[in-house]
Amino acid sequence: MTAYVVEADGGSRGNPGPAGYGAVVKDAADGQVLVETAEAIGTQTNNVAEYRGLIAGLQSLLALAGDGAAVEVRMDSKLVIEQMAGRWKIKNEGLRPLALEAGALARRLRVTWQWIPREKNKDADRLANEAMDAAAKGRPWQLSGSSVAGSTAGGAPSRGAGSPAAAPAAQDSLLDLLDSDDVSSGQQVVAATTTVGSGWRAPTTVATSLLLLRHGETPLSVERRFSGLGDPELTPNGVAQAEAAAARLSRGPYGVQVVVSSPLRRARATAETVAARLGLEVVVDEGLREVDFGDWEGHTFTEIQRRWPDLLAAWLADPSAAPPGGESFGEAARRVQATGDRLVERYEGRTVLAVSHVTPIKMLLRSALLAPLAALYRMHLDLAALSLIEYYADGPAVVKVFNDTSHLAETAP
């Protein structure tokens, strides 16, 4: 049962011109407005503003309800709804990063996408127009007299909706739709709904398979030292682990078509061993690098506990806390999620081997399972372990394998 509704809108006065977005989160049962958000975003196009409104609405819902919430997302932008539902291609490269960001947020929820006519999107439209007014004056948007408390779907004021200043935005959005071949030949442009599946029904499309391989052993892993952006090489045992993984992945049923690697040497060497066995080239992706441990790099847990006891306690308790001079798990999660989304989109329908590190692999698995960031502290991943996530366009991501090390049985020192 849908628990929440997100309504979002955005526009610009001129396309591009002074732009802003607005979004509301409502209780699906009674239409009560729970959250309002808007922002003046300077000079942008209508479609950028619309995507920014969607992102803000999804972020607000996640902050309110957390991962896994059931939501119907409603927008009067046919372009955004159809692209997010996967029915239209994203041909404007300027929109692609925003679509990837919105898709990453949506995958953390159970989303139904619904196009609605503009007159039924009054709350978000009002906020977007307030933000556009603020952008035209070079000012930040401020919450108007409309109050979240007590507002309902039918009771919120709609200042700016249908005003002459807003008309060009709607007209330009329609022209954007017509000036594209995102619609399949002969397809009628109509309001449509698609629901992200529960995982219990069979998918109807070919999966994009993401095989996740942790790199082999290094001197720092032998000594159980924090190993982030430091660049140690594989030990002889690590090389043997990479070769064992290569032998396994060269057999059925894997059929690896693409090998992608973190830029760090321990991952690259592992990836190159596998790729050589498969006759493939290695594509290096910066987003797959390990988290930056800052001043803790190369230290053991005991050394860190003695030198930075308070910072370590905070880091273990809160994913937003970072090692001194380093990167928090929250920051790493955003980087890794964007990377995973990019790989799934770029290699849609193919089998991709991503060779990476403990943290990025855990991040991708956690996201697929709709688990909170704190789940990282409850996951163990061995050296050269193999995991598998399958992504479906018409359903959720499915974790098929986790921390499989059966190929290493004969390589243990």
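Residues numbered from 1 in each chain as written. Predicted model: local features only at pLDDT ≥ 70, side-chain atom pairs only at ≥ 80, totals over all residues. Heavy atoms only, no water.

The protein appears in an unreviewed UniProt entry as Phosphoglycerate mutase from Streptosporangium brasiliense.

### A look at the overall build of the protein
Cut-off, in case you're wondering: The numbering of helices and of strands both runs from the N terminus, where a helix is a DSSP run of H or I of at least 4 residues and a strand a run of E of at least 2. Burial here depends on accessible area, computed with a 1.4 Å probe over protein chains only, as a share of the maximum for the residue type. Under 20% is buried, over 50% is exposed, and the range in between is partly exposed. Residue contacts follow a heavy-atom distance rule, with two residues in contact if any of their heavy atoms lie within 4.5 Å. Shrake-Rupley sampling with a 1.4 Å probe provides the accessible areas, and residues are treated as covered by the protein chains on show and by no other component.
For the protein, the count of helices and strands is 12 helices and 12 strands. In the protein, which comprises 413 residues, the share counted as buried stands at 52%. Taking the intrachain contacts of the protein between residues at least 6 apart in sequence as the baseline, contacts between residues at least 24 apart amount to 73%. For the protein, the exposed area adds up to about 18,500 Å²; of that, 52% sits on carbon and sulfur atoms.

### Things to note about the pattern of salt bridges
Rules: Here, a salt bridge means any Lys or Arg side-chain nitrogen found within 4 Å of an Asp or Glu carboxyl oxygen.
For the coordinates displayed, the defined rule picks out 24 salt bridges. Asp341 is paired through a salt bridge with Arg107; the nearest N and O atoms lie 2.0 Å apart. Here Asp341, found in helix 11 (residues 329–346), pairs with Arg107, found in the loop between helix 3 (96–106) and strand 5 (110–115); they are 234 residues apart in sequence, far enough to count as distant. With a relative accessible area of 4%, Asp341 lands in the buried category. Given a relative accessible area of 36%, Arg107 falls into the partly exposed group. Between Glu327 and Arg335 there is a salt bridge whose closest N-O contact spans 3.2 Å. When its relative accessible area of 9% is taken as the criterion, Glu327 is described as buried. Look at Arg335 and you get buried, because its relative accessible area is 17%.

### Some thoughts on the packing of helix 3 against helix 11
We count it as follows: For helices, the axis comes from a line fit to the C-alpha atoms of the stretch in contact; other axes are also lines fit to C-alpha atoms, and the angle between any two N-to-C directions lies between 0 and 180 degrees. In this scheme, roughly parallel covers angles under 35 degrees and roughly antiparallel covers those over 145, while 65 to 115 is roughly perpendicular and the rest are oblique. Gly is placed with the polar residues, together with every amino acid not listed as nonpolar (Ala, Val, Leu, Ile, Met, Phe, Trp, Tyr, Cys and Pro) or charged (Asp, Glu, Lys and Arg).
Direction vectors running N to C along helix 3 and helix 11 enclose 110°, while the axes themselves pass 9 Å from each other. The angle between helix 3 and helix 11 places the two elements in the roughly perpendicular class. Residues Arg96, Leu100, Gly103 and Ala104 of helix 3 touch helix 11, and the partners they reach there are Gln337, Asp341, Arg342 and Glu345. Broken down by class, the residue content of the contact of helix 3 with helix 11 amounts to two nonpolar, two polar and four charged.

### Things to note about the packing of aromatic side chains
Threshold: Two rings from Phe, Tyr or Trp (for Trp, the six-membered ring) form a pair when their centres are within 6.5 Å of each other. A pair whose planes differ by under 30 degrees is stacked, one over 60 is edge-to-face, and the rest are tilted.
Counted under the stated rule, the structure contains eight aromatic pairs. Summarising the aromatic geometry, the rings of Phe226 and Trp296 are spaced 6.1 Å apart at their centres and angled 90° between planes, so their arrangement reads as edge-to-face. Here Trp296 lies in the loop between strand 9 (282–284) and helix 9 (301–307) and Phe226 lies in the loop between helix 6 (219–222) and helix 7 (236–249), a separation of 70 residues in the sequence. For Phe226, a relative accessible area of 12% puts it in the buried group. Using a relative accessible area of 0% as the deciding quantity, one classes Trp296 as buried. Consider the rings of Trp315 and Phe329, whose centres lie 5.3 Å apart with planes at 35°: the pair is tilted. Here Trp315 is found in helix 10 (residues 309–317), whereas its partner Phe329 is found in helix 11, with 14 residues between them in sequence.

### Looking at the side chain of Glu36
Let me state the cut-off plainly: We define a polar contact as two N or O atoms separated by no more than 3.5 Å, with the added condition that, inside protein, one atom must be a possible hydrogen donor and the other a possible acceptor, whereas residues neighbouring each other in sequence contribute only through side-chain atom pairs.
Take Glu36: it is sitting in strand 3 (residues 33–44). At a separation of 2.8 Å, a polar atom in the side chain of Glu36 contacts the side chain of Arg126.

### Observations concerning the sheet that holds strand 10 (residues 351–356)
Quick note on the threshold: Only strands that DSSP links by at least two bridges are regarded as paired with each other.
Taking strand neighbours across the sheet as the criterion, the six strands line up as 9-8-10-7-11-12 in an open arrangement whose pairing is mixed. The two strands at the open ends of the sheet, each matched to only one other strand, are strand 9 and strand 12 (398–404). Strand-to-strand, the axes of this sheet are offset by a mean angle of 20°, without reference to chain direction. As judged from the six bridges shared by strand 7 (residues 208–214) and strand 10, these two strands associate in the parallel manner. If you follow Ser209 over to strand 10, its bridge partner there is Thr351. Running over the sheet, helix 8 (residues 265–278) touches strand 7, strand 8 (258–261), strand 9 and strand 10 and is turned about 170° from strand 8.

### As for helix 1 (residues 46–65)
Helical periodicity: at 3.6 residues per turn, an α-helix aligns residues three or four positions apart in one direction. Heads up, the condition is: Here, expected helix span is obtained from the residue count minus one, scaled by 1.5 Å.
End to end, helix 1 covers 29 Å across 20 residues, agreeing with the expected 28 Å (1.5 Å per residue, within 8%). Taken across its 20 residues, helix 1 has 15 buried, putting it largely inside the fold.

### Considerations on the pairing of strand 3
Of the pairings in the sheet, the one linking strand 2 (residues 17–27) to strand 3 comprises nine bridges and is antiparallel in character. Across the sheet, residue Pro18 finds its bridge partner in strand 3, namely Thr43. Linking strand 2 back to strand 3 in an antiparallel pair, the connection comprises five residues, with Gly31 at a positive phi of about 75°.

### As for unusual backbone geometry
Residue Asn15 is joined to Pro16 through a cis peptide bond whose omega torsion reads 0°. Mapped onto the elements of the fold, Pro16 is located in the loop between strand 1 (4–12) and strand 2. A positive phi angle, near 55°, is found at Leu370, a position not held by glycine. Mapped onto the fold, Leu370 is located in the loop between helix 12 (358–368) and strand 11 (386–391). Residue classification places Leu370 among the partly exposed positions, given a relative accessible area of 29%. In this model, Asn403 sits at a positive phi of 55°, which is unusual for a non-glycine residue. Here Asn403 is to be found in strand 12. Taking relative accessible area as the criterion, Asn403 reaches 17% and is therefore assigned buried.

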